[in-house]
Protein chains: 2
Amino acid sequence: MRHRYIVKKKHDSIWGLIKGAHDAWSGWLCVLLVGLFTGVAAGIIDIGASWMTDLKFGICPQAFWLNKEQCCWSYNETTFDGGNCSQWWTWPEVFSQSKDGAGPYMISYMFYIAWALLFASLSASLVRMFAPYACGSGIPEIKTILSGFIIRGYLGKWTLIIKSVGLILSVSAGLNLGKEGPMVHIACCIGNIFSYLFPKYGRNEAKKREILSAAAAAGVSVAFGAPIGGVLFSLEEVSYYFPLKTLWRSFFCALIAAFILRSINPFGNEHSVLFYVEYNKPWIFFELIPFVMLGIIGGVIATLFIKANLFWCRYRKTSKLGQYPVTEVLIVTVATAVIGYPNPYTRMSTSQLIYLLFRQCGVSNADILCDYNRNFTAVKSAIEVAAAGPGVYKAIWLLVLALILKLVMTIFTFGMKVPCGLFIPSLCLGAIMGRIVGIGMEQLAYNYPHIWIFSEACSTGVDCITPGLYAMVGAAAVLGGVTRMTVSLVVIMFELTGGVRYIVPLMAAAMASKWVGDALGKQGIYDAHIGLNGYPFLDSKDEFQHTTLAADVMQPKRNEALHVLTQDSMTVEDVENLLKETEHNGFPVIVSKESQYLVGFVLRRDLNLAIANAKRMTEEITGQSLVLFTNGNNIQNHSPPPLKLKKILDMAPITITDQTPMETVVDMFRKLGLRQTLVTHNGRLLGVITKKDVLRHVKQLDNEDPNSVLFN
Amino acid sequence: MRHRYIVKKKHDSIWGLIKGAHDAWSGWLCVLLVGLFTGVAAGIIDIGASWMTDLKFGICPQAFWLNKEQCCWSYNETTFDGGNCSQWWTWPEVFSQSKDGAGPYMISYMFYIAWALLFASLSASLVRMFAPYACGSGIPEIKTILSGFIIRGYLGKWTLIIKSVGLILSVSAGLNLGKEGPMVHIACCIGNIFSYLFPKYGRNEAKKREILSAAAAAGVSVAFGAPIGGVLFSLEEVSYYFPLKTLWRSFFCALIAAFILRSINPFGNEHSVLFYVEYNKPWIFFELIPFVMLGIIGGVIATLFIKANLFWCRYRKTSKLGQYPVTEVLIVTVATAVIGYPNPYTRMSTSQLIYLLFRQCGVSNADILCDYNRNFTAVKSAIEVAAAGPGVYKAIWLLVLALILKLVMTIFTFGMKVPCGLFIPSLCLGAIMGRIVGIGMEQLAYNYPHIWIFSEACSTGVDCITPGLYAMVGAAAVLGGVTRMTVSLVVIMFELTGGVRYIVPLMAAAMASKWVGDALGKQGIYDAHIGLNGYPFLDSKDEFQHTTLAADVMQPKRNEALHVLTQDSMTVEDVENLLKETEHNGFPVIVSKESQYLVGFVLRRDLNLAIANAKRMTEEITGQSLVLFTNGNNIQNHSPPPLKLKKILDMAPITITDQTPMETVVDMFRKLGLRQTLVTHNGRLLGVITKKDVLRHVKQLDNEDPNSVLFN
């Protein structure tokens, strides 16, 4: 219809031509704008979060708007290396100018907790007061929206603003959460808002979903600086139906967003890659075994996490806890800050920890994780395998503690009423696990260099085992287990780290983790949360494995009456009564009560509007007027004059026969994005199957409660 | 049905359990085998082709089965650097032991041409004699097969063998062709053959296509060592319908294939990346302008190539030329070899040339392309911008000649009756173009270092402009223009080169090239060849932009009769007559001639079989027997006894109404993979729309000849 309209217009005037071109280009223009603004939003969030994270530790007195790194840079101090520079004052320094002793430590500790509490409470209150939809990751909801469900206000401007501010605050509070899920949500809000500028997209839900898919890609693209990974994430995880046209648009949108963010350069460093790894060494064939093992452990940890988190979220929903969201956030924040501060690995931000774990120990690396008995004599000497010093063993213990703390706190954090993503915490859990295994392997190779498995590669003692690579693989394994991504995960990981060589290890770990996860518990975290919230989401990945027929699912059941309209024998009163008595969204129209052949389908909304309009416009329409869905030439001289509604009748409803297997029906619902289909037998109307019926049926067959499905 | 069968079986015995597990795992097992064998096949082809390519230049007398590189390595000569080592004898050395003068040059020249002719003629004859389907790239045909069309024998074992051997020969002959398209075809043959081992896949065409999609991914994966790129290529370019389950399987299959190939290590070098680039420098923001320009030029060259190639292929089809495929191959080979040998850039293999063009000029690079006025004093000095020496200018002229020659020869080569791919030639054209532009930019930056655009980045004169990067971007641009890939192209390029930093430049060039290509000529090379060959391919990318209704497209037209069966009033003779008179693949079944309500749909094949069977089994069925598609209890005592065919009746045909817009119909055909749909009005059967009708209708609306569509 839109095309017909355009073609007509085109012949009218040059204005029409411009309109036609605008129509053709509006898609590209729209994703361009979405990409631009997503990039800008991500830049603001990154700058804000990094400044406020550093604010917990100290301040730059000369220019309070600078974060620690910028503060030290701005005065050209070259001694900045993870430590402090003189321009940056920690809180004890601000107040007492002293750095030693227990007092300053306690002051730092207190300031850390106080700031964290302030940020977290602000975030939670803002969400609670202004935009309840701004909480959580948003990905489950966006998946549901892209599958055709409509949640009013979920992608509105208030959600956008509050989610952005809340995200800065909750990241700065040091909670165990990431910003990718919320970034996807923010990007989708931007996509939704801009789509209203273009009538082609704003007025058509199906078209708007194309823009939202592209926006989701842009969201991941800016969260990780991974444009291709973003497109694949949108394709694999978020989008329900992804036509190829969307692929190109998403690609473009993700590219623009990543480019804008790179131009803003919020972290002030040269690398466009978030956790850039500088090593590029071959891995040994044998190492595949520990990599797959990491995948398996990752899958187990991920399943544990999903089950525990689901249990806790269900508890929150059903108990009184759900009524005190701000209090809950405060308690979790205090716990995270109090337990986390003493351990340096939980004190630093999660991104910094991941970066540290991915790195290789080089000459300049002063962390205790790199306390090896090595001497770097030559400047360009390769990094050889060496015995671990006491610092490494201490670091391992701290890392184990960090792993446990992060795992437990993330379980409680994800699902709280603040904006919170899951990628960075998952990556961090995996990176800790992987680094520990990696150090183990390295020491094994150092102590037994002549076992056959090491003999070839490690004989020279150089470039043999890289613990950082294990951290990378472990991170991929846990994230893969939690989200059940595969291809997009590997692409994101290697865009994130720049490690092109490590595709095979990453793939092996991702596959192993996914298989273990699928074996232990069926759903990824997002699908589990969709199920928990009862969103009407028809999973396009599950195969429908049952042998029921359409006749078993359709409404009404055998002993009930089907609510239908007839094409030329019902009065306005009859129709109005039917509208009052029932709550269906639409009604099939049949020839007559006696001969139930299907004519078409009419929506409740249209019917309501048409009757109201007719009553308003012409006085002659009364309750006794016939409602005609035909051309109605043969009932011309009737009184009162009939109400002709052929215009609002959908003459081409999708129909199936009662013998159609449900497998086919589910397939049609998924691929054609139907909301209902009519069931016929030899042309006679038997009943209706709505999406809700299908979802209930699927739940029933999976032995779950069919009434848990929400529907609007 | 399959599932119902399995569920039943499972309860029987442990054997049933094993069978169930086998059924569940057979998909993974099948793609594992496909990946394994694809890797092995690729290894054999790579080893064979590299040996035979070197055979054109000389031989290793001590061990004739070694290629030049291996020959030199096997005797630990360290002087091997693109030049000759003493163990490797060129042909003049073999015969006259002299290396200088015009004589040896002519001998080399002659040997080169003779070997090329021998290889090419062998390849063409093999294809002509044993497997005509083994010619060409195979990708257009595989796209068509994946869209539901069946070409018998196209993926058979003979095609596999001949295509592999022919590919080795035609690559070795030095023709302007690549091995990726054929590798995809070979992988699909392997996929097809292995799918017969698993009844789940062998007997179900739709399921088999899942395996073929995975195999296509493995084909690209081994051709380029790019597993993720392979999966995306399969998704974006090859596959028609790509469920997410297929994504994971394809991923696995591509991973296994790449891994096997890496283990075989046919090129004997350490890098798993084909054209590994060692530089990793940032690019300047300003450089985006030349990159986009490269994209535009790339799009123009690509369109030129597509149009010229299509014209030539059409000429070949319609003229006498098509009858002499071997002669044609020989003429093209002679032309390529005679013109190509004197120019060193066309003499070397296309892959070597690309590798050379992508590289940066370093200390050890002796090619004239690197004749800069630089002095490398310090060992670790960065590569600075320098004035080009005379060698560079000579190289540019040779490259321009090579560009023209390669463009012209590729136009004639692609479509010949030998296995030939298009990726490597396209990449090469683009790389030459890009390198020339890159050298131009470099000299501009050297001569005017203080223009504002260069001022910031080039002020130190180091790491300013990298001509190799321009070659990379140019290669992506031309390949993108030819195939119209976007995301998969960028992923392949950066898996191919390892250049993670260069995603944005590659993306920009690919988008520009695609837009230019789309503006100048609608189709990519594969779609153009599908159209040329008249395959029935319903493009899933095009939007159907017309407003016709199902009633306009359906058969029969108004004044013709529809061939139908009635459910209980036709005799066997009537049915047999109908079968004889018509050629339809199936017939709708209606209640009776008077009341044309649709009951179901029956396939011609089933009908033929059922009647033949019935006649063979029971003597009583005669021409006068009634054919019943009902349960038929009311006509029990009829004589002769009726033929009950309810079993073969499909009670759940997909139906639409006559008012359905063709946009929806085309959508249903695409997404549900239909072969026909029945058109009804108020339950009454009006007609049938087959896929052929849809294809014809689309062609007609595009003002093309609707009869050019093949159909089986």
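Note that the coordinates shown come from a computational prediction; the quantities given were computed from them, not determined experimentally.

Visitor: Before we go on, may I ask you to explain the relation of the copies chain B and chain A in this structure?
Guide: Note on the identical chains: chain B maps onto chain A by a rotation of 180 degrees and an axial translation of 0.0 Å, with an RMSD of 0.1 Å. Expressed as a symmetry operation, the mapping of one chain copy onto the other fits a two-fold axis. Nearest to the rotation axis, the C-alpha of Gly-683 of chain B is located 1.8 Å from it, this being the minimum over chain B. Take the interface residues of chain B: 99% of them recur as interface residues in chain A, which is what a same-surface contact looks like.

Visitor: It is not clear to me how the pairing of strand S5 (residues 586-590) of chain A should be interpreted in this structure. Could you clarify?
Guide: Residues and elements named next belong to chain A. When you tally the buried positions in S5, you get five out of five residues, the bulk of the element. The two faces of S5 match: Gly-586, Pro-588 and Ile-590 on one face and Phe-587 and Val-589 on the other face are all buried. Here strand S3 (residues 565-566) pairs with S5 via two bridges, running parallel. Bridge assignment links Thr-566 to a residue of S5, and that residue is Ile-590. Looking at chain direction, S5 and strand S6 (residues 598-603) are connected through five bridges and run antiparallel. Its bridge partner being in S6, Phe-587 is matched across the sheet by Val-602.

Visitor: Hey, could you run me through the packing of helix H6 (residues 139-146) of chain B against helix H11 (residues 227-238) of chain B in this one?
Guide: Relative placement of two packed helices is described by the angle separating their axes and the distance separating the axes. Residues and elements named next belong to chain B. One way to put it is that H6 packs onto H11 with a least axis distance of 11 Å and a crossing angle of 75 degrees. What the angle tells us is that H6 and H11 run roughly perpendicular. Residues Ile-139, Ile-142, Lys-143 and Leu-146 of H6 pack against Phe-233, Glu-237 and Val-238 of H11. Residues that form the contact of H6 with H11 fall into these classes: five nonpolar, no polar and two charged.

Visitor: Where do I start with the packing of helix H13 (residues 288-318) of chain A against helix H23 (residues 525-533) of chain A in this structure?
Guide: Residues and elements named next belong to chain A. Look at H13 against H23: their axes get within 11 Å of each other, and the N-to-C directions meet at 20 degrees. Taken together, the axis directions place H13 and H23 in an arrangement best described as roughly parallel. In the crossing of H13 with H23, the sense of the turn from one axis to the other is right-handed. Of H23, the residues touching H13 (which contributes Phe-305, Ile-306, Asn-309, Leu-310, Cys-313, Arg-314 and Lys-317) are Ile-525, Ala-528, His-529, Leu-532 and Asn-533.

Visitor: Where do I start with the environment of Thr-350 of chain B in this structure?
Guide: Residues and elements named next belong to chain B. As for its position among the elements, Thr-350 is in helix H16 (residues 350-358). The buried category is assigned to Thr-350, whose relative accessible area is 11%. Expressed as a C-alpha distance, the spacing of Thr-350 and Lys-406, which sit 56 residues apart in the sequence, is 9.6 Å. Contact partners of Thr-350, with chain neighbours within four places excluded, come to Asn-176, Lys-406, Ile-424 and Cys-428. At 3.4 Å, the side chain of Thr-350 and the side chain of Lys-406 are in polar contact.

Visitor: Could you clarify how one ought to interpret the pattern of salt bridges in this entry?
Guide: Side chains bearing opposite charge may pair, as long as their charged atoms lie close to each other. Residue and element names in this part refer to chain A. A complete count under the given rule lists 14 salt bridges over all chains for this structure. Linking Asp-518 and Lys-514 is a salt bridge whose minimum nitrogen-to-oxygen distance equals 2.9 Å. Note that Asp-518 and Lys-514 are positioned in helix H22 (residues 503-520) at a spacing of four residues, about one turn of the helix. For Asp-518, a relative accessible area of 30% corresponds to the partly exposed category. Salt bridges sharing partners connect three or more residues here, namely Lys-143, Glu-237 and Asp-527.

Rules and cut-offs
Residues numbered from 1 in each chain as written. Chains lettered and ligands numbered in written order. Predicted model: local features only at pLDDT ≥ 70, side-chain atom pairs only at ≥ 80, totals over all residues. Heavy atoms only, no water. Least-squares fit on C-alpha atoms with pLDDT ≥ 70 in both. Contact = heavy atoms within 4.5 Å. Buried < 20%, exposed > 50% of the residue type's maximum accessible area, 1.4 Å probe, protein only. Helix = DSSP H or I, 4+ residues; strand = E, 2+ residues; numbered from the N terminus. Pairing = 2+ DSSP bridges. Axes fitted to C-alpha atoms, helices over the stretch in contact; angles between N-to-C directions. Parallel < 35°, antiparallel > 145°, perpendicular 65-115°, else oblique. Nonpolar A, V, L, I, M, F, W, Y, C, P; charged D, E, K, R; others polar. Left-handed = near helix turned anticlockwise from the far one by under 90°. Polar contact = N/O pair within 3.5 Å; in protein donor to acceptor, adjacent residues only side chain to side chain. Salt bridge = Lys/Arg side-chain N within 4 Å of Asp/Glu carboxyl O.

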